[in-house]
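Spelled out from the first residue to the last, the chains are:
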Amino acid sequence: MECVFGLVGNDYAIVVADTSAVHSILVHKSNEDKIMVLDSHKLVAASGEPGDRVQFTEYIQKNVALYQFRNGIPLTTAAAANFTRGELATALRKNPYQVNVLMAGYDKEIGPSLYYIDYIATLHKVDRGAFGYGSYFCLAMMDRHYHSGMTVEEAIDLVDKCILEIRSRLVVAPPNFVIKIVDKDGAREYAWRESVKPDAA
Amino acid sequence: MARYDRAITVFSPDGHLFQVEYALEAVRKGNAAVGVRGTDTVVLGVEKKSAAKLQDSRSVRKIVNLDNHIALACAGLKADARVLINRARIECQSHRLTVEDPVTVEYITRYIAGLQQKYTQSGGVRPFGLSTLIIGFDPYTGVPSLYQTDPSGTFSAWKANATGRNSNSIREFLEKNYKETHGQETVVESGGKNIEVAVMTKDQGLRQLEEAEIDAIVAEIEAEKAAAEAAKKGPARDA
């Protein structure tokens, strides 16, 4: 039921995630932010087992921060993605993390990038990727409308198309989504798409 | 005395731990480090011994970040410093991970001092041969702090302090000239020619001053000193 997807543009990367925290048939909250700002220029959108999701992404975030203090320079997106994959791989045959990750980042010389890392430690560098039931619809939409060198406005339009598909075609579609963007100016929240006003909390 | 200074875990009859005191000697021989705390700024300065011509001086960073809001300078065995700094950096992140809060300056000082103390009470190890000056801002109140630790594992907070070579005379100077609002000037004054200075503010974190900036401040201070000297001599001669 969790939907996470993302795409890369000419000088930015966008990731979108639903914001429902669900336990069986109960929706705990509908404003759960599943896209973590890993560092100034990286975003990690994660889906999967809620406890694992928070535990794993926070663990990655703190280790990335430690690397930066030890070495005086930040990790590249590729390095962070490979580190993440390595942690998933190590835990896989002992006590696997049930977390799927889309890692988006911007590096000065390289530009934007997106990495697809699934819970059994598959790593792919992609232009567009998606996890969850929503992926059936998002990937199809993105395959149809994506082209390289899209502007932010075009990309957001595509994102909205994907969200519309999810809302209309997925039986237990999450009502709300959060969109985050990373570019040369850093990683930040871009917008929310709410069809159900979340709790005041 | 010789019998009581081999092992760290042995007290001498008059209550000394000689290994710890010898570690303090090592600190006294190390490059001077100075710290000054202001109302909204904290400054660290470290004496740089003149760089060998072929050495890349940028690889010898004496003032380091432990976290976004905490920095450390030290006097003594720099290799020991690397070990302590690494452990402290890990602890800063570990604290953030477990309690979702950045460390306070006091917490990380207590941690480092605790580590230094552990090595004064274990078999087969020697104490860390360095004293540290730790500066930072409380993550919530924004209050700046300056702490010092030493090889024995004691720590305390200071308004201004120095450690390493000539620390006593520098401290005397600080006692005479310290005012609550002081920033870079005091540190540079007491430092001398080859120093590395870093300024930390609440919003901008740690900023290492460029050589040009340091030279400019030194020039300013020299000018002030010369003016003060002239003012002293001037009236006396007329009279």
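Since the structure is predicted, the reported quantities are computational estimates derived from the model, not experimental observations.

1. Some details on the interface of chain A and chain B
And step 1. Facing 7 residues of chain A, the contacting portion of chain B comprises 11 residues.
And step 2. Looking only at chain A, the three residues that lose the most surface to chain B are Lys62(A), Phe69(A) and Arg70(A), adding up to 68% of its buried area.
And step 3. Where chain A meets chain B, there are 0 salt bridges.
And step 4. Across the chain A-chain B interface, the total number found is 2 residue pairs in polar contact (both at pLDDT 80 or more).
And step 5. Taken together, the residues of the side of chain A that touches chain B sort by class into 4 nonpolar, no polar and 3 charged.

2. Digging into the packing of helix H1 (residues 50–71) of chain A against helix H2 (residues 77–92) of chain A
All names here are of chain A.
And step 1. The contact between H1 and H2 brings their axes to 11 Å, and the two run at 130°. Here H2 runs oblique to H1, going by the angle between their axes. Handedness of the crossing formed by H1 with H2: right-handed. Mapping the contact onto sequence places Phe56, Tyr59, Ile60 and Asn63 in H1 and Phe83, Thr84, Glu87 and Leu88 in H2.
And step 2. Residues that form the contact of H1 with H2 fall into these classes: 5 nonpolar, 2 polar and 1 charged.

3. Notes on the side chain of Thr163(B)
And step 1. Tracing the chain through its elements places Thr163(B) in strand E8 (residues 160–163).
And step 2. Thr163(B) has contacts with Val27(B), Asn31(B), Ala32(B), Ala33(B), Ala75(B), Ser131(B), Leu133(B) and Gln148(B), leaving out every residue within four places of it along the chain.

4. A short note on the sheet that holds strand E10 (residues 205–208) of chain B
Residues and elements named next belong to chain B.
And step 1. The strand order E8-E1-E2-E9-E10 describes an open sheet built from 5 strands, whose pairing is antiparallel. Whereas interior strands pair on both sides, the edge strands pair on one side only; in this sheet they are E8 and E10. Put simply, the sheet's adjacent strands are angled 15° from each other on average, direction ignored.
And step 2. Sheet topology places strand E1 (residues 33–37) next to strand E2 (residues 41–47); 5 bridges connect them, and they run antiparallel. Residue Ala33 lies in a different strand from E2, and its bridge partner there is Val46.
And step 3. Against the sheet, helix H4 (residues 167–177) engages E1 and E8, with an angle of about 165° to E8.

5. Concerning the nonpolar core
And step 1. Among the nonpolar cores identified, the biggest contains 39 residues, and Phe5(A), Ile14(A), Val15(A), Val16(A) and Val159(A) are the most heavily contacted of them.
And step 2. Put simply, the parts of the chain that give this core at least two residues each are strand E1 (4–8), strand E2 (12–18), strand E6 (42–48), strand E7 (99–107), strand E10 (128–131), helix H3 (134–145), helix H4 (152–169) and strand E11 (176–183) of chain A.
And step 3. With 7 residues, H4(A) is the largest single contributor of residues to this core.
And step 4. Setting aside residues up to four positions removed in sequence, Val15(A) forms contacts with Phe5(A), Gly6(A), Ile35(A), Leu43(A), Ala45(A), Leu102(A), Ala104(A), Leu114(A), Val178(A), Ile179(A) and Lys180(A).
And step 5. Counting 19 residues, the second largest nonpolar core, distinct from the first, contains Cys74(B), Ala81(B), Ile85(B) and Ile134(B).

Cut-off values and rules
Residues numbered from 1 in each chain as written. Chains lettered and ligands numbered in written order. Predicted model: local features only at pLDDT ≥ 70, side-chain atom pairs only at ≥ 80, totals over all residues. Heavy atoms only, no water. Contact = heavy atoms within 4.5 Å. Buried area = accessible area lost by both parts, 1.4 Å probe. Salt bridge = Lys/Arg side-chain N within 4 Å of Asp/Glu carboxyl O. Polar contact = N/O pair within 3.5 Å; in protein donor to acceptor, adjacent residues only side chain to side chain. Nonpolar A, V, L, I, M, F, W, Y, C, P; charged D, E, K, R; others polar. Axes fitted to C-alpha atoms, helices over the stretch in contact; angles between N-to-C directions. Helix = DSSP H or I, 4+ residues; strand = E, 2+ residues; numbered from the N terminus. Parallel < 35°, antiparallel > 145°, perpendicular 65-115°, else oblique. Left-handed = near helix turned anticlockwise from the far one by under 90°. Pairing = 2+ DSSP bridges. Core = buried A, V, L, I, M, F, W, Y, C linked by side-chain atoms within 4.5 Å. Buried < 20%, exposed > 50% of the residue type's maximum accessible area, 1.4 Å probe, protein only.

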